[in-house]
Amino acid sequence: LAPQAPANPPPPDQPVWLDTIAGKQPDIYEGWNLLANLPPGARLDRMGRFQCLSCPPVPGGHAFRAHHLDDSFRGRAEEPSTLFCGRPLPAWLQARGLAPETGRDIFHVALFPVLAAGEITQDWLDWFFSETPDPRLSSQWLAGPRLSAAQIDATMDLGRHFGQRAEALAACLGQHLTQLATTNDPTLYGIDFADLARLAREVPGLDVATFRTAARAALNNVRQPEQAARLHMFLRDLAENETDAAEEEKQAFAVLRKAILEQPRGEAPRPSLALKEDQIVWARSPVRLDLAGGWTDTPPLCFEQGGAVLNVAVLLNGQPPIQVFVRPTAELTLRLHSIDQGSSETVSTFEELADFANPKAPFSLVKAALCLAGFHPQFSGGNTTAGQTLGQRLRQFGSGLEISLLCAVPKGSGLGTSSILATTLLAALARASGLDWDRVRLFRLVLALEQLLTTGGGWQDQAGALWDGLKLIETLPGHGQLPAVRHLPSDLLDEGAGSHILLYYTGLTRLAKNLLAEIVRDMFRRRAETLLTVGSIRANAHQLYDAFLRRDRSALERCIRRSWRLNRELDAGTTSPAIDALLETAGDDLAAAKLLGAGGGGYLLLFCRDQAAAGRVRGRLERTPPNPRARFVDFTVARDGLKVTVS
C-alpha cells in the first residue's frame, strides 16, 4: 500500500516512528529531509520516545537506527563477516576513527545515537552509509548517548509505536478505497484482499461498512472478470452474516465461470454425422503424472500470470487407460454406458441432457460434453428450430449416438482422470460429428466443461494427455490460454520405470473440488502466503526442466521433494496420517516421493535410491498394505498422446 502523508504532520518535537526502504515513501510521514536520499538497500527507523538505559533520560529523544537490508544483527563485533550498514563492522568503525569492539555480539553494541527530533537530518543518514564520513558527526556519535539494538527493543514505547502505525494505516487505506471506487486503478488489485479485510475489522478507526461501500462502487467500474470476482470475494470477507457471505462467494465463482464459458458459447458448433452407419470412433489417451508446477495452471491465476507445469504422459500396464467409443444408432436417443462403472442411461429429452451440474452423477461429464458439442440448443446458437425436441435434433444430426466409456483408473486417482476423460470424449464426439477441433481447441473446451460441472480446475490434466511424453507446458497471461509445449528427454524416467521408480495406488481417494475451491478463494483474494507458495511452485517447474535437460538425477529428486513440500505448504490436507505412514514404511530406501494430483489420496510416485531399494520398498508395502485396494502399477512413458481412429 503506497502511503500518503497526513494533512497536518506532527510538530518537530513530537516523537514519531519512521520506516522506509530506498526509493519508497515512508510508512507514515513524508516531508523529513533525511528521507530524500537513502542509499540502495538502506533502511531507517526512528523509534518513539523512551528512557535511555545507559545514559541520563533525554526528553523527546529518539534512537536513530539506520541499517542495511543485508544486516542480520548477529555475529561478533570484531569479525569481518559481521555486517553493519552493508559493510563489515570493523571496517565501518575504522572509517569513522572508532576503535572496534571485541567480544560482544553486534546486537549488544551501542551503535545508534539518541537525538532530539530537530537534530535528525540527511547528514546523519549520509554519515551512516558514507565511505568518508563527517568527522564532526563521528565525534558527536562517540560523545553522545547511544543505544544497542537490544536496548531499543527493550525501551521503545510499543503502545505508542503501534498506535501511530494503526492511525496512519487507517488514513492510507481510506485513501486507497476512495481511489479504488472512483478510478478502478488496476494496480490496487495486487493488494492482499484477505489481509485488507482482516485490517478492516481489527484496526481502530476503520469502518467495515465504508469498505463494503467502496468495493460495491468499484464493481461498477471493473474491467476484468477476475477483478470483479476479487471484489465479490472481498465483500464475502466483509459480510455481516453467513448468508451474505455465501452469496458473495457464489457471485465470485459465477463471474469466473461466465468468463471461461463465453468463448465456447460464442462459437456455436454445428454437429453433423460424419460416420457410416457401421463405423465406430475409438479415442484413447494416456494419463499424466504431474511432477511440478501444479496450481499455476488454475484460473484466475493463470489468466493473470500464465502457467508453467511439467508432467509426463504414461501408459498403465502397457495400455492407454482412458478410452471412449462412439457409434451411430437408428434409435434417436443418446445411449450412455460406463464399462468400468457398470452403469447405463438413455437420454431422450433436452431437460435430461442439461442435467449435468452434479459432478457425482454417473454421466454428468458426458452430458456436459454433448452440450458443448452442440446437441443442446443453449450451446448451438441459431442452429436449432424453436420448439424442437432432442429426437428431432438427432434426426437433423443424422442418427442417435451410443457412447461407451472405459476408465481403467480409480476415481480420485490423482492422475487427471476426469479432465482426460473429458478430453478423450470431446475428441471422439468431434470426429463423429464432423467438428474441426484441434488440440488447442480441446484444451480450452475442457476448461469450460469443468466449469459446467462446477468442479473448476486448471488445464494441466488435459495438456498432459493431449501431448505425449515428458514436457513443460506454459501459457502467457490472458483469458485465451494458449499452451506452448517443450518436450524433454525422458531418459531418467525410462531408466527408472520398473526399476527404482515405483507407482503405487494408495487405495485412498479425494475429490479435488473442495480443495480447488479453497485454493481459488485464496487466489481471488490474492492471499500473499498462497501466492508466494504458488510462485515457488512455478520456479520449481523450471528447475525440474533444467534437471531433465542436464539428466541430473540428484537435482530431479530434489525438485520432486520440493514439489511435495510446497503442495503441503499450500494445503495441509494434501497429506494424511495414512499417507505419512506409507512413506514411513518406505523408510530410508526412499530418495523422493510425491502424491500425484491435488493430494489426499490416489497414486503415490516413489523415487527409490536404487533398484535394490525399490525391491525392499515394494516388499514392505506388499506385505503390509494400508487397505485391500492398495497395489503397485507398472507404467511406461507414452510415445503418443490422445489418438482418435475410426473402424
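**Considering the overall build of the protein chain**
Okay, step 1: A tally of helices and strands in the protein chain yields 22 helices and 22 strands.
Okay, step 2: Relative to its 647 residues, the protein chain shows a buried fraction of 56%.
Okay, step 3: Sequence-distant contacts in the protein chain: of pairs separated by 6 or more residues, those separated by 24 or more amount to 71%.
Okay, step 4: Surface summary for the protein chain: the accessible area is close to 27,100 Å², and the carbon and sulfur share equals 50%.

**Comments concerning the sheet that holds strand β13 (residues 343-347)**
Okay, step 1: On the basis of which strands lie adjacent, the open sheet formed by 6 strands has the order β13-β12-β14-β11-β8-β22 and mixed pairing. The sheet terminates laterally at β13 and β22 (643-646), the two strands that pair on one side only. Strand-to-strand, the axes of this sheet are offset by a mean angle of 15°, without reference to chain direction.
Okay, step 2: Across the sheet, helix α14 (residues 417-433) touches β8 (281-285), β11 (322-329), β14 (400-407) and β22, and the angle it forms with β11 is around 30°.

**A short note on the sheet that holds strand β19 (residues 603-608)**
Okay, step 1: With antiparallel pairing, the 4 strands of this open sheet are ordered in space as β18-β19-β17-β20. Among the strands making up the open sheet, the edge pair consists of β18 (590-595) and β20 (631-632).
Okay, step 2: Across the sheet, helix α22 (residues 611-623) is in contact with β17 (501-505), β19 and β20; its angle to β19 comes to roughly 145°.

**A look at the packing of aromatic side chains**
Two descriptors summarise a pair of aromatic rings, namely the distance from one centre to the other and the angle between the planes of the rings.
Okay, step 1: Per the counting criterion, the structure on display carries 22 aromatic pairs.
Okay, step 2: Ring centres 5.2 Å apart and planes at 85° place the aromatic pair Trp 127 and Phe 128 in the edge-to-face group.
Okay, step 3: For Phe 128, a relative accessible area of 0% corresponds to the buried category.
Okay, step 4: The interplanar angle of 65° and the centroid separation of 5.0 Å between the aromatic rings of Phe 375 and Phe 397 together place this pair among those described as edge-to-face. With a gap of 22 residues between them, Phe 375 in helix α12 (residues 364-375) and Phe 397 in helix α13 (residues 390-397) connect regions that are remote in the sequence. Note on accessibility: Phe 375 and Phe 397 belong to one class, buried.
Okay, step 5: Three or more aromatic residues joined by ring pairs form one cluster here, namely Phe 64, Phe 73, Phe 84, Trp 92, Phe 112, Trp 124, Trp 127, Phe 128 and Trp 141.
Okay, step 6: When the ring centre of Phe 107 is taken as origin, the NZ or CZ atom of Arg 74, which lies over that ring, is 4.9 Å away.
Okay, step 7: It is Arg 618 that lies over the ring of Phe 632; its NZ or CZ is 4.6 Å from the centre.

**Examining the nonpolar core**
Okay, step 1: The biggest cluster of nonpolar side chains holds 134 residues, and the ones touching the most others in it are Leu 291, Ile 403, Leu 544 and Phe 548.
Okay, step 2: Beyond its immediate stretch of four places on either side in the chain, Ile 403 contacts Val 324, Phe 325, Val 326, Arg 335, Leu 336, His 337, Val 366, Leu 370, Leu 425 and Leu 429.
Okay, step 3: Membership of the second largest hydrophobic core comes to 28 residues, among which are Ala 66, Leu 89, Val 114 and Ala 149.

**Quick notes on the side chain of Ser 399**
Okay, step 1: Mapped onto the secondary structure, Ser 399 falls in the loop between α13 and β14.
Okay, step 2: Given a relative accessible area of 6%, Ser 399 falls into the buried group.
Okay, step 3: Leave out the neighbours within four places in its chain, and Ser 399 touches Leu 273, Pro 328, Thr 329, Leu 332 and Leu 394.

**Quick word on empty space enclosed by the protein**
Okay, step 1: Taken as a whole and judged by the stated rule, the model has 1 cavity of 30 Å³ or more.
Okay, step 2: Each pocket or cavity is described by its volume, and for the largest cavity that value is around 70 Å³.
Okay, step 3: Lining the largest cavity are Leu 173, His 176, Leu 177, Leu 180, Leu 188, Ile 191, Phe 193, Leu 196 and Phe 211.
Okay, step 4: Contributing elements (two or more residues each) for the lining of the largest cavity: α5 (158-183) and α6 (193-202).
Okay, step 5: It is α5 that contributes the most residues to the lining of the largest cavity, 4 residues altogether.
Okay, step 6: Of the residues in the lining of the largest cavity, the class split is 8 nonpolar, 1 polar and no charged.

**Topic: the pairing of strand β6 (residues 112-116)**
Okay, step 1: A large share of β6 lies buried, amounting to 4 of its 5 residues.
Okay, step 2: Inspection of the sheet shows strand β3 (residues 61-68) paired to β6 by 3 bridges, in the antiparallel sense. By the bridge assignment, His 62 is partnered in β6 with Leu 115.
Okay, step 3: Two elements, β6 and strand β7 (residues 146-147), share 2 bridges in a ladder whose sense is antiparallel.

**Concerning α14**
Okay, step 1: Spanning 17 residues, α14 covers 24 Å between terminal C-alpha atoms, matching the ideal 24 Å at 1.5 Å per step.
Okay, step 2: Extensive coverage of α14 is indicated by the burial of 15 of its 17 residues.

**Here we look at the confidence of the model for the protein chain**
Okay, step 1: This prediction gives the protein chain a mean pLDDT of 84; 87% of its residues lie at or above 70.
Okay, step 2: Every residue in residues 1-36 is under pLDDT 50, and counting partners more than four places away or in other chains gives 91 contacts.
Okay, step 3: Within the model, the stretch residues 46-57 combines pLDDT values under 50 with 43 contacts to residues more than four positions away or in other chains.

**Remarks on the pattern of salt bridges**
Okay, step 1: Here the structure, examined in full by the defined rule, presents 32 salt bridges.
Okay, step 2: We note a salt bridge from Glu 240 to Arg 212, for which the minimum N-O separation is 3.8 Å. One end of the pair, Glu 240, is in the loop between α8 (225-238) and α9 (242-266); the other, Arg 212, is in helix α7 (residues 208-219), with 28 residues separating them in the sequence.
Okay, step 3: Its salt-bridge partner being Arg 525, residue Asp 522 comes within 3.2 Å of it at the nearest N-O pair. Placement of the pair is Asp 522 and Arg 525 together in helix α18 (residues 512-525), with a separation of 3 residues, close to one helical turn. The exposure classification of Asp 522 matches that of Arg 525, with both residues buried.
Okay, step 4: Salt bridges here are not isolated pairs; linked through shared partners, they connect Arg 236, Asp 237, Glu 249, Arg 521, Asp 522, Arg 525, Arg 527 and Glu 529.

**Notes on the environment of Leu 273**
Okay, step 1: Position of Leu 273 relative to the elements: it lies in the loop between α9 and β8.
Okay, step 2: By relative accessible area, which is 24% here, Leu 273 ends up partly exposed.
Okay, step 3: Taking the C-alpha atoms as reference points, Leu 273 and Gly 434, 161 residues apart in sequence, are found 6.4 Å from one another.
Okay, step 4: The contact partners of Leu 273, leaving out residues within four places of it in the chain, are Pro 328, Phe 397, Gly 398, Ser 399 and Ala 432.

Definitions and limits used
Residues numbered from 1 in each chain as written. Predicted model: local features only at pLDDT ≥ 70, side-chain atom pairs only at ≥ 80, totals over all residues. Heavy atoms only, no water. Helix = DSSP H or I, 4+ residues; strand = E, 2+ residues; numbered from the N terminus. Buried < 20%, exposed > 50% of the residue type's maximum accessible area, 1.4 Å probe, protein only. Contact = heavy atoms within 4.5 Å. Areas by Shrake-Rupley, 256 points an atom, 1.4 Å probe, with all protein chains shown as cover. Pairing = 2+ DSSP bridges. Axes fitted to C-alpha atoms, helices over the stretch in contact; angles between N-to-C directions. Phe/Tyr/Trp six-rings, centres within 6.5 Å; stacked < 30°, edge-to-face > 60°. Lys NZ or Arg CZ within 6 Å of the ring centre and 35° of its normal. Core = buried A, V, L, I, M, F, W, Y, C linked by side-chain atoms within 4.5 Å. 1 Å grid on protein atoms, 1.4 Å probe; cavity = no way out; pocket = protein on both sides within 12 Å on 5 of 7 lines; lining within 4 Å. Points joined across faces, edges and corners; volume = space filled by probe spheres on them. Nonpolar A, V, L, I, M, F, W, Y, C, P; charged D, E, K, R; others polar. Expected span 1.5 Å × (residues − 1). pLDDT = per-residue confidence, 0-100. Salt bridge = Lys/Arg side-chain N within 4 Å of Asp/Glu carboxyl O.

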